[in-house]
Amino acid sequence: MTTRAKLTVYSALATALAALCMMPLLTTRSWLTHAVLVVAVIAVVGAGLRRSPLYRWTVPLGQLLALLLLLLLGFAGAGGVLPGPATMRVLEQVFSSGLDDIQQYAIPAPPTAGLRLILVSAIGLIAVAVDTVAVTYRRSALAGLPLLALYSVGNGLAGEHGSWVWFAVAAAGYLLLLFAEGQDRVSRWGRVFYGGARGSVESGRVSPGGRQVGVLALAVALLLPVVLPHWSSGLLGSGSGGSGGKSAGGSLSTRLDPLVSLEAAVTKPTDAELLRYSLDSPLADQIYLRTGSLDQFDGTNWKLGSTTVNDLPVTFPTPEGLRNAQLSRIEGDFTISDKLEGSWLPMPYPAAAVQVPNRGDWKLDPLTRTVLPANDKAIRGLQYHVSALDVQPTATELRLAATAPSDVREHYTALPADLPAQVAEQARSVTAGAQNDYDRATALVNWFTGPNFTYDTSVNGGTGSNAITVFLRDRRGFCVHFASTMAAMARTLKIPARVAVGFTPGDSKGGDVYSVTGRMYHAWPELYFSGYGWMRFEPTPSRGVPARYTEASTTPTTAPTQHATAAPQTASAAPAPSSSSDCTVKQRQLGECGAKDKAVAKASEESWLLSGQVLGTLAAVLALIALLLVPMLWRTAVRRRRLGGGGRRGPGGSGPTELTDAQVLAAWDELIDSAWDLGIPPDESRTPRSTARRITEEAQLDADSAAATGRLALATERVLYAPPGQHLTEPLATDVRAVRRGLRANAGRAGRTRALLLPPSSAQLWWRISDGAGEVVTGVANVCSSLVNFVFP
C-alpha cells in the first residue's frame, strides 16, 4: 500500500473513531452506520480525485459534492435522487426540523430525520476537512483540529452520558494518522542514523521513541484526571453538586425536557423495569404516577413556566385550588431502578409529603408541585416514601364547581398569538351544547377516544402549534399529541389546563406491589376545578385508565342542580374490553390486544441501510458517476502510456537513449489527440508537417510551443518516410507537454474543463468497443453458420 493510500485509510479511521463520541446523543445507534459509510465514500472519492490530473483544491470540492449527493440520497429521497430544486427543498426542510429538534429534545434524543441529518452531515464535513489537511496537503498534525472539534462538541453535548473511552479511541485514531505521516517523512530522507552502536535502521522506519512518546502522552491524558482533585461545583459557580441549585427562592437549571424526552420513550418502548412501588389504596391499579406538569405553552412546546424553586419541605403546601385539605391519605413506598435517570420524582397527585434520603438533592416547584433533582443522577437507585391526598370528586360535584379565580384563568388559559384558529373552532364544535367546564372536558375526552382518532406511535412527534394542526388533520398520534392538543383546546374554551407527564399504573406483582416498565411512559391533560384543584383526564384511546369521575355512571347527589346535565355520551371513555380471554386489563390499557404487528414502528427511520430501494438507488448513482469518469480516466491512462516509455540504450548499453519508432508515433498520436481535446479535430488527409502548421495557426501557439510542434512533425516524418536505421535521441515527451501547455493556455476555461472531463478523443474508446463487439458478433455468426453447414450439409 502506498503512503498516500495509508494516509487516506488512517484519516477515514481517525474520523470514524472520533465520531463514536456522538453515540450517546441519540437513543439508537443505527445512524452511525450511515455516518461511517459517508466517511468511507468521501475517502474513496478523495483517493480517486487525487489520482487524476486535477488541482489539489478541486479534491475537497469533489468530496463536498459527493457528501451532498449522499445526504440527498439518505434524507431527501422523497424529492428525487439527483440534485434539484425539489430535493434541495426537502433537504432544507429536514435540516430545519433538526434545528427545531435540538431546541426541544434532551439528550439522549430520539433519532428523528433532522437530528440524524445534522449528525451525519457534521461528521461528513469533518471527514472532508481531515482528508484535505492530512492527505491532500500532507499536514496530518493540523488534522487534529477538526478531530478535536468533533470530539469536544460530541462529548460536551453528551455530558454525563459521555465516557473516557471516546477520548481514548479518538486519540488512538489521531496517533495512527501521525505515525503514518511520520513514516512517510522518514522514508523521504532515506536511512536514519541513531549514532554509536545502534547504527542505522532500514529506510522508512519511524523511531520507536516517537511511538512511545505518543502512547505515553495518551496514557497520561487518560490517567491524570483520576489523581487530580475534582471541583463538582465548577470554576465559576457554587452549589450542591454543581447543579446550579440554590436555596429557597433560588433557581434550578436542568437539561431535562420531560415532554419531548417522553416521546422517545413512548415510540421506542422497553420492558426494562424503571421503578417498583406499593400503595395502600384499593384503587392502586388506577393511580397515575405523575413526575411533573408543564404549564406554559409558547406555540413551540409545553414547558415548565416556573424557574424559581424551593428547598424540599417536609410537608407540602396546600394544593392549588383544593378547598378541603383534611382528606384521607394514600401511603406509598417507591424504589427506583438504575434504568431510570434524569427524571423528575414520580408520585401520586397531589402529594402532601415526601421522605427522601438526601433532601438537599431535590427541589420543589411550589406552583406545579413538581419535585426536581439537583443533578441527573439523584434519582438513580433512590428509595423514598410518599404521602398523597385521596381526592375523589364525583361528576356532579365537578359540574357544580365554581368558576376558577381570575389569576388562575389568566395564567392557565394563555395561548400564543399564532395558534391556528382551527384549534378553537374545533373545540367549540366538539363542545357545542355543553353547559359547564366539566361537560366540555368530557366532550373533548369522548371525541378523542371515539372512532375518529387512531393511536399511532409512528407519526412525527411535537407539541407545538404546527404539530397540533397536523394532528387534528390526520387524527393519528400518541399520548403526547392527545394531551397537548386537548390542553390547548381546553384553554381556547377558557378552561385552565396544563399537560402532566409520568407513568400509567404499574403491573401488579402480587399484594399491593406494582412494577413500572418503559412501556408505561405517558402524558395526559390536567384541568382545574375550583374546590378540587387539578383533575386528570384521559383522552388517549387504548392507553391508561379513565378517571372515575369521567365514567358514565356517577354517584347521584341530593344537592340542587343549577346547571344542565351533560349530553348523552356518544363513546365511552374507557376502552372496550377485548374478546380474547388471554388479554389482561393492563394489555388493554396499553393497547396490546390484537395484532402484534402494530408495535413495530417505521423500520426505515431506524436503519435506512436495510432499504433495498435506497441500496439500488445508491448503486445506480455510483454506476452513473463511474460511467461519467470513464472518458477522463481512459484518456489519462493512454497519455501516461504514450509518454512513459524510456526508449533503449545504444550499442553496448552506453550512449544516449534511442527512441523506437513506436514511441515516436505514440508521441505524435498524443499531440493529435491533445489538439482534438482542445478544439482542433484531426485531419487525416494532411501530412505531419501540414498538420503541425495547422495546429500552430489555429491554436495561436507561442514560439516555444510552435518549435516543439515542428520537432514532433519532423520526427514523425523520419519514421514514416526516411530509410530504416535512423534513430532519434531527443526526448519527445517534453515536446508533447510543451505543446499541450500552449494549447491549454489559449483554449479558455470552458475548453480546458471539457478536455479534462469529456475529452472528444475518448470517442476512440467507443470505436474500439464497437469494433470489438462487431468482431465478436461476426465470430459468433461464423460459428453458427459452420454448425448449420455441419448439421445440414
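For clarity, every value in this text was computed on a predicted model and none was experimentally measured.

Engineer: Please give an account of the environment of Phe-478 that cites residues and values.
Structural biologist: With respect to the element layout, Phe-478 can be found in the loop between β15 (476-477) and α15 (479-492). With a relative accessible area of 1%, Phe-478 lands in the buried category. In this structure, the C-alpha to C-alpha distance between Phe-478 and Thr-454, residues 24 residues apart in sequence, is 8.3 Å. Apart from the residues within four sequence positions on either side, Phe-478 is in contact with Glu-263, Val-266, Thr-267, Tyr-455, Asp-456, Thr-457, Val-459 and Gly-461.

Engineer: Pulling in residues and values, what's your account of the sheet that holds strand β13 (residues 383-389)?
Structural biologist: What the six strands build is an open sheet, ordered β10-β13-β9-β4-β18-β17; its pairing is antiparallel. At either margin of the open sheet sits one strand with a lone partner, and together these are β10 (351-355) and β17 (507-508). Relative to strand β9 (residues 329-336), strand β4 (residues 273-279) runs antiparallel, the two being bridged by five bridges. Bridge pairing links Leu-279 to Gly-332 in β9.

Engineer: An account of the side chain of Asn-436 is requested, with residue identities and associated values reported.
Structural biologist: Its place among the elements puts Asn-436 in the loop between α12 (421-430) and α13 (437-449). Among the polar contacts listed, one links the side chain of Asn-436 to the backbone nitrogen of Tyr-438, at a separation of 3.2 Å. A polar contact of 2.8 Å, which involves the side chain of Asn-436, links it to the backbone nitrogen of Asp-439.

Engineer: Got a sec to walk through the packing of aromatic side chains? Specific residues and values, please.
Structural biologist: In this description, a pair of aromatic rings is defined by centroid distance and the angle of the planes. All told, the structure shown has 20 aromatic pairs when counted by the stated rule. One aromatic cluster in this structure is built from Trp-447, Phe-448, Phe-453, Phe-471 and Phe-482. When the ring centre of Tyr-532 is taken as reference, the NZ or CZ atom of Arg-323 above it lies at 5.6 Å. A cation over an aromatic ring shows up here: Arg-498 above the ring of Trp-534, its NZ or CZ 4.1 Å from the ring centre.

Engineer: Could you give an account of the pattern of salt bridges, naming the residues involved and the relevant values?
Structural biologist: In this structure the tally under the stated criterion is 20 salt bridges. When the shortest N-O distance is used, the salt bridge between Asp-298 and Lys-303 registers 3.3 Å. Residue classification places Asp-298 among the partly exposed residues on the basis of a relative accessible area of 31%. Residue classification places Lys-303 among the partly exposed positions, given a relative accessible area of 33%. Between Arg-686 and Asp-683 there is a salt bridge, with the nearest N and O atoms lying 3.3 Å from each other. For Asp-683, a relative accessible area of 31% puts it in the partly exposed group. Linked through salt bridges whose partners overlap, the residues forming this network are Arg-635, Arg-639, Arg-642, Glu-670, Asp-673 and Asp-677.

Engineer: So, the sheet that holds strand β16 (residues 497-503): which residues are in play, and what are the values?
Structural biologist: As summarised here, the arrangement of the four strands in space is β5-β16-β19-β20, forming an open sheet in which the pairing is antiparallel. What marks the edges here is a single partner per strand, and that holds for β5 (289-294) and β20 (533-536). Along the sheet, successive strands turn relative to each other by an average axial angle of 35°, direction set aside. The pairing of β5 with β16 spans five bridges and is antiparallel. Paired with Arg-290 across the bridge in β16 is Gly-502. Those strands touched by α15 are β16 and β19 (521-529), and its axis lies near 15° from that of β19.

Engineer: I'd like a description of helix α14 (residues 465-474), backed by residues and values.
Structural biologist: Taken together, the buried positions of α14 are Ser-465, Ala-467, Ile-468, Phe-471 and Leu-472. Relative to the axis of α14, the buried residues are bounded by an arc of 160° and lie together on one face. More than 90 degrees from the buried face of α14, the exposed residues found are Asn-466 and Arg-473. Arg-475 occupies a position one or two residues after α14 and carries a positive phi of about 55°.

Engineer: Hey, could you go over the environment of Phe-167 for me, with residue numbers and the actual values?
Structural biologist: Checked against the element boundaries, Phe-167 lands in helix α7 (residues 164-189). Judged by its relative accessible area of 27%, Phe-167 falls in the partly exposed class.

Engineer: Could you give an account of a nonpolar patch on the surface, with specific residues and numbers?
Structural biologist: Taken together, Tyr-55, Trp-57, Leu-61, Leu-64, Leu-125 and Tyr-137 make up a surface patch of nonpolar side chains, about 640 Å² in accessible area. Along the chain, Leu-64 turns up in helix α3 (residues 58-75).

Engineer: Kindly report on empty space enclosed by the protein, identifying the contributing residues and their values.
Structural biologist: Enumeration according to the criterion identifies four cavities of 30 Å³ or more in this entry. Taken together, Arg-290, Phe-316, Met-347, Pro-348, Tyr-349, Pro-350, Ala-351 and Arg-369 form the lining of the largest cavity. Here the lining of the largest cavity is composed, by residue class, of six nonpolar, no polar and two charged.

Engineer: Tell me about the confidence of the model for the protein chain, and please be specific about residues and values.
Structural biologist: Confidence in the prediction for the protein chain averages 77 pLDDT; 76% of positions are at 70 or higher. Note that residues 191-209 has pLDDT below 50 and, in this model, 27 contacts with residues that lie over four places away or in other chains. The model gives residues 553-591 a pLDDT under 50, and that stretch makes 63 contacts with residues more than four places away or in other chains.

Engineer: Describe in detail the nonpolar core, supporting the description with residues and values.
Structural biologist: Residues Phe-448, Met-486, Met-489, Leu-527, Phe-529, Met-535 and Phe-537 are the most contacted members of the largest nonpolar core, which totals 54 residues. Mapped by element, the contributors of at least two residues to this core are α9 (258-267), α10 (395-399), α12, α13, α14, α15, β16 and β19. For this core, the element with the most residues is α15, which contributes nine residues. In this structure, Met-535 is in contact with Val-391, Pro-393, Leu-398, Pro-525, Glu-526, Leu-527, Phe-529 and Tyr-549, ignoring residues within four places of it in sequence. Ala-35, Ala-43, Leu-71 and Ala-127 belong to the second largest nonpolar core, which has 47 residues in total.

Engineer: Could you give an account of the pairing of β10, naming the residues involved and the relevant values?
Structural biologist: Where a strand is regular, its side chains alternate between the two sheet faces. Buried residues dominate β10, accounting for four of its five residues. Relative to β13, β10 runs antiparallel, the two being bridged by four bridges. Bridging from a neighbouring strand, Ala-353 pairs with Ser-387 of β13.

Engineer: Can you tell me about the packing of α13 against α15, naming the residues and giving the values?
Structural biologist: Relative orientation of the contacting elements α13 and α15 amounts to 145°, with a least axis distance of 11 Å. The two elements α13 and α15 meet at a crossing, and its hand is right-handed. Residues Ala-441, Leu-444, Val-445, Trp-447 and Phe-448 of α13 lie in contact with α15, whose contacting residues are Phe-482, Thr-485, Met-486, Met-489 and Ala-490. Looking at side-chain class alone, the contact of α13 with α15 contains nine nonpolar, one polar and no charged residues.

About the thresholds
Residues numbered from 1 in each chain as written. Predicted model: local features only at pLDDT ≥ 70, side-chain atom pairs only at ≥ 80, totals over all residues. Heavy atoms only, no water. Helix = DSSP H or I, 4+ residues; strand = E, 2+ residues; numbered from the N terminus. Buried < 20%, exposed > 50% of the residue type's maximum accessible area, 1.4 Å probe, protein only. Contact = heavy atoms within 4.5 Å. Pairing = 2+ DSSP bridges. Polar contact = N/O pair within 3.5 Å; in protein donor to acceptor, adjacent residues only side chain to side chain. Phe/Tyr/Trp six-rings, centres within 6.5 Å; stacked < 30°, edge-to-face > 60°. Lys NZ or Arg CZ within 6 Å of the ring centre and 35° of its normal. Salt bridge = Lys/Arg side-chain N within 4 Å of Asp/Glu carboxyl O. Axes fitted to C-alpha atoms, helices over the stretch in contact; angles between N-to-C directions. Arc of directions from axis to C-beta. Patch = residues over 30% accessible without salt bridge, like charges linked within 9 Å, V, L, I, M, F, W, Y side chains within 5 Å. Areas by Shrake-Rupley, 256 points an atom, 1.4 Å probe, with all protein chains shown as cover. 1 Å grid on protein atoms, 1.4 Å probe; cavity = no way out; pocket = protein on both sides within 12 Å on 5 of 7 lines; lining within 4 Å. Points joined across faces, edges and corners; volume = space filled by probe spheres on them. Nonpolar A, V, L, I, M, F, W, Y, C, P; charged D, E, K, R; others polar. pLDDT = per-residue confidence, 0-100. Core = buried A, V, L, I, M, F, W, Y, C linked by side-chain atoms within 4.5 Å. Left-handed = near helix turned anticlockwise from the far one by under 90°.

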